[in-house]
Amino acid sequence: MKIIKWTLVIIAALSVGYILNYLALDSDLWWAKSLYEKKIKILRQFTNTGRVIVAGGSGTHYGIDAARMEQLLGRPVINTGNHGGIGLNAIIGTIEGEVKNGDIVILISEYGLLADDGTGWLSAAFGVSIGMPGIGGIGIKQTIQEIFKGGTLSLTSFGKSVMRLFFNAKGRTSNLIDEHGDVVIYINRKVSPSSVSSVVSSSAGARLISFKKSVDNKGAKLFFALPWVLVSVNDKESRMYVMNIISELNKIAPVLYNKETLGLYDNAAFFSDTPLHNTKETRATRSLELVEQLNQAIN
Amino acid sequence: MNFATFTFWWFLIVVGVPIIAIKFVMLKINLWRDQYDRFALLIFSLLLLCLTTSYGFAVFLFDVSINFLLIRIMQRYEKNKKPIAIGIVTFNILFLIYFKYILFFNDVIWSVINNHTVVFANSNALPVGISFYTFQIIAIMADIYKSKQLDKVNLIDYFNSLVFFPKLAAGPIEKWPEISSQLKNFRLKFSQENIDNGMRWLALGCFMKFVLADNLSAYINTNEVKNVWVVLSSTYLFGFKLYFDFAGYSFIAVGLGKILNINLTINFLSPYLVSNIQEFWRRWHVTLMNWFRDYIYIPLGGSKTKYVLLNILLIFLISGAWHGVGWNYLIWGLYHGLMMLLYLYLRKKITLLKPAGWFITFNVVMFGWLFFMTPNISNIFSKLFIIFNPCSYSLPLISVAIEKYSLAELLVLVVIITMIIAVMLMEYLSAINRRKIFYGKLINGNIPYVLMFLSFLLPARSFTRFVYFNF
């Protein structure tokens, strides 16, 4: 009887967590879920072959101008960038099944995501919220862990949910996007420089290799591109880490990057509200650069 | 063992279930029925340690095996046991110094010689639980040394007492007679009573660690030296975080022990409710302070020697050094030693009302955490300067401190503080009970179910490492 009581308490707690996560009351989760739903819908609307799917975290969501890229490339371009908290596995997992023959996939992973085990603090709840618990093609242990975590909430989620539901406070998480999946609302605030100190973890490496195989099998092409990061002036250490990451990624698929800057900039005017989110003007510049790099790579 | 990782709980199920299944097969075929349970517990704990850290496993195996041989030699050569005992203590202290302090000494010597800091290796290289099992080994040796009992130390019981998975990483440090008698008769029995008792402590531990301690982390800034409000709030919140983190670990260990029908000592007895510093040290990290009392303070003459004050100071300095590698820990130990001496001096002259005594003790202890949490000496001085400078207390700085947080984050902080007050109130109600069952109100009735429910629902977004794993 006593054991049953404890089991029921745990099941009840996990059930409440699942329900609340499924409803995506937390603002980060709500944002990630609604971006996913909107962007997947856009992606499926482009039925023609030869699409360019640009995937990544919020650095991609706030980093490229898909409409401009489409003009320059003459191919449909969709920005599927989402919340980095969902983790690399979920970023890949949400688009992997959508890739078709003739597509080009550009994955711009934030460096932190490459260093992790593939899951992020939001991944479990995100999986539950979109009806795909344990998303991302991960091992059995990690799948069970993700499913289990999907039934837990967090005190921070609780605080954010209360603020969003009762005071309509959304912070930076507006889900308004255009027909290419690009952001339409910008938030500008003072940004402090960041740094890069990540390496490609073995689990991230393995996931990228399996993603590459899956893209190849579908007759599509995979490229990596580097995120733009605001760093301090003369940050040589970050450069070193980025060089190392490029060499690791190059073993899997071609990397599109600016050989001079490596995507590391010390000009805060390029960035909107975090060291990884670009301003409207910079998005256009960056997209132009990305198109040139892609053209060089495919021609 | 890091209860904050999924791997631990995963291992517990994936390896634990087959071990129990094999037990039933052994019972059926009537094979090895008296030895299997103890052996299975040992294998399980060793496997878990090996999985957590192969380096820590190798160090543990080497250290513990050598000590086993030395203890057996001490038992064999009864007449010469004193020099052998001294040898064992020396070996263990040097072993601990090598792994724990060599980088610190290295750093100090090189910074003096070359006027710059040289660090030769990663400080994360500290083998898991080394501070705890080294003290546990010394306790075992000393308890055997003092006892008249000539029974040879059993290899499996000895290893089990050191590697027992709930206590390996951060204690409690048990007395040999108590732990060995339980392990000698250990049986894998999962009765409803044991599971319920264990789950109650587990619920309290999980709530303290995953809901209170981990959620507090986001509001503690140990590097701030300019804004006095941030310095003070971080210090007080750190005091609560440390308590809930370590007590949380200890209660999870107690809970797991109870499920396995092994009673571990409760390491915390509502330490923030005491009304003097002496009582605080009787109720904070109980088994460590008992260790200092039994194996250093009393052998040095206890309260009967004329050097009693010096010995008290020495104990606190050693306690500081044991806690961590760095000058700040020594300062923290010295601070508590001086506070203890001050209390012993003043208690004969002044009698305080209990609430006043509690208020002073609470603030003295909380202030002490400032040293503990600040590894950089110049930062300690900067913090002390602004705390004791009345001009630092400017009201606009409060809004600067608050501006860093969103409304949601402030709401979370209010919720955490409310929960802390509720827990402290329950602790108080338990402690004033005539039977003085510490945490009684939190582990009896339906409260543990609520705590378990909240532990699943409201943990922090990411688990933080147990603070005492660094020691």
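See the structure shown above.
Residues numbered from 1 in each chain as written. Chains lettered and ligands numbered in written order. Predicted model: local features only at pLDDT ≥ 70, side-chain atom pairs only at ≥ 80, totals over all residues. Heavy atoms only, no water.

Colleague: So, the overall build of chain A: which residues are in play, and what are the values?
Modeller: A count of helical and extended segments in chain A gives 12 helices and 7 strands. Its C-alpha atoms give chain A a radius of gyration of 19 Å, near enough to 19 Å, the size a compact globule of 299 residues would have. On the principal axes, the C-alpha backbone points of chain A span a range of 70 × 45 × 40 Å. Among the 299 residues that make up chain A, the fraction classed as buried is 58%. (Helix = DSSP H or I, 4+ residues; strand = E, 2+ residues; numbered from the N terminus. Rg over C-alpha atoms; globule rule 2.2 N^0.38 Å. Buried < 20%, exposed > 50% of the residue type's maximum accessible area, 1.4 Å probe, protein only.)

Colleague: Report on the sheet that holds strand β2 (residues 77-79) of chain A, specifying residues and quantitative values.
Modeller: All names here are of chain A. Across the sheet, 5 strands lie side by side as β2-β1-β3-β4-β6; this open sheet has parallel pairing. Of all the strands in the sheet, just β2 and β6 (255-256) have a single pairing partner and so form its edges. Pairing geometry for strand β1 (residues 52-56) and β2, over 3 bridges, is parallel. Along β2, the bridge assignment pairs I53 with I78. (Pairing = 2+ DSSP bridges.)

Colleague: Quick one: what's the story with unusual backbone geometry, residue by residue and with numbers?
Modeller: The phi dihedral of A:L262 falls on the positive side, at around 60 degrees, and the residue is not glycine. Relative to the elements of secondary structure, A:L262 occurs in the loop between β6 and β7 (264-265). The class for A:L262 is buried, based on a relative accessible area of 1%. The backbone of B:Y439 sits at a positive phi, close to 65 degrees, despite the residue not being glycine. Looking at where B:Y439 falls in the secondary structure, it is placed in the loop between α17 (407-431) and α18 (440-443). What makes B:Y439 buried here is its relative accessible area of 0%.

Colleague: Please provide a residue-by-residue account of the packing of helix α12 (residues 308-323) of chain B against helix α13 (residues 327-346) of chain B, values included.
Modeller: Residues and elements named next belong to chain B. The N-to-C vectors of α12 and α13 enclose an angle of 150 degrees; their axes lie 7 Å apart at closest approach. What the angle tells us is that α12 and α13 run roughly antiparallel. The chirality of how α12 crosses α13 is right-handed. On α13, the residues that touch L309, I312, L313, F316, L317, S319, G320, A321 and H323 of α12 are Y329, L330, W332, G333, L334, H336, G337, L338, M340, L341 and L344. (Axes fitted to C-alpha atoms, helices over the stretch in contact; angles between N-to-C directions. Parallel < 35°, antiparallel > 145°, perpendicular 65-115°, else oblique. Left-handed = near helix turned anticlockwise from the far one by under 90°. Contact = heavy atoms within 4.5 Å.)

Colleague: So, the interface of chain B and chain A: which residues are in play, and what are the values?
Modeller: Chain B puts 29 residues into the contact, and the matching count from chain A is 30 residues. Both sides together, the interface formed by chain B and chain A hides about 2,900 Å², and carbon and sulfur atoms give 77% of it. Sorting the residues of chain B by area buried against chain A places B:F6, B:F456 and B:R461 first, and these three jointly supply 29% of that buried surface. Run the count over chain B and chain A and you get 1 salt bridge. For the pair chain B and chain A, the number of links is 5 residue pairs in polar contact (both at pLDDT 80 or more). Those elements giving two or more residues to the side of chain B that touches chain A turn out to be α1 (6-28), α8 (192-216), α17 and α19 (447-457) of chain B. Residue contributions to the side of chain B that touches chain A peak at 8 residues, all from α8(B). (Buried area = accessible area lost by both parts, 1.4 Å probe. Salt bridge = Lys/Arg side-chain N within 4 Å of Asp/Glu carboxyl O. Polar contact = N/O pair within 3.5 Å; in protein donor to acceptor, adjacent residues only side chain to side chain.)

Colleague: Tell me about the environment of A:W30, residues and numbers included.
Modeller: Residues and elements named next belong to chain A. Mapping W30 onto the fold places it in helix α2 (residues 27-45). The exposure class assigned to W30 is buried, which follows from its relative accessible area of 18%. For the pair formed by W30 and I246, sequence separation is 216 residues and the distance between their alpha carbons is 33 Å.

Colleague: For the nonpolar core, give the residues involved together with the corresponding values.
Modeller: All names here are of chain B. Counting 158 residues, the largest nonpolar core has F60, Y158, Y243, F244, Y272, W369 and Y439 as the members making the most contacts within it. Take this core: its biggest share by element is 17 residues, from helix α9 (residues 228-259). Excluding residues that lie within four positions of it along the chain, F60 makes contacts with L46, L49, Y133, F159, L162, V163 and L168. (Core = buried A, V, L, I, M, F, W, Y, C linked by side-chain atoms within 4.5 Å.)

Colleague: Give a description of the packing of aromatic side chains that names residues and reports values.
Modeller: All chains considered together, the criterion is met by 57 aromatic pairs over all chains. Relative to B:W284, the ring of B:Y243 has its centre 6.1 Å away and its plane inclined at 40 degrees; by these criteria the two rings are tilted. Of this pair, B:Y243 sits in helix α9 while B:W284 sits in the loop between α10 (277-283) and α11 (286-297), placing them 41 residues apart in sequence. With a centroid separation of 5.0 Å and an interplanar angle of 80 degrees, the aromatic rings of B:F246 and B:F268 are classed as edge-to-face. In this pair, B:F246 is assigned in helix α9 and B:F268 in the loop between α9 and α10, connecting sequence segments 22 residues apart. Under the relative-accessibility criterion, B:F268 is labelled buried at 0%. When the ring centre of A:Y257 is taken as origin, the NZ or CZ atom of A:K259, which lies over that ring, is 5.1 Å away. (Phe/Tyr/Trp six-rings, centres within 6.5 Å; stacked < 30°, edge-to-face > 60°. Lys NZ or Arg CZ within 6 Å of the ring centre and 35° of its normal.)

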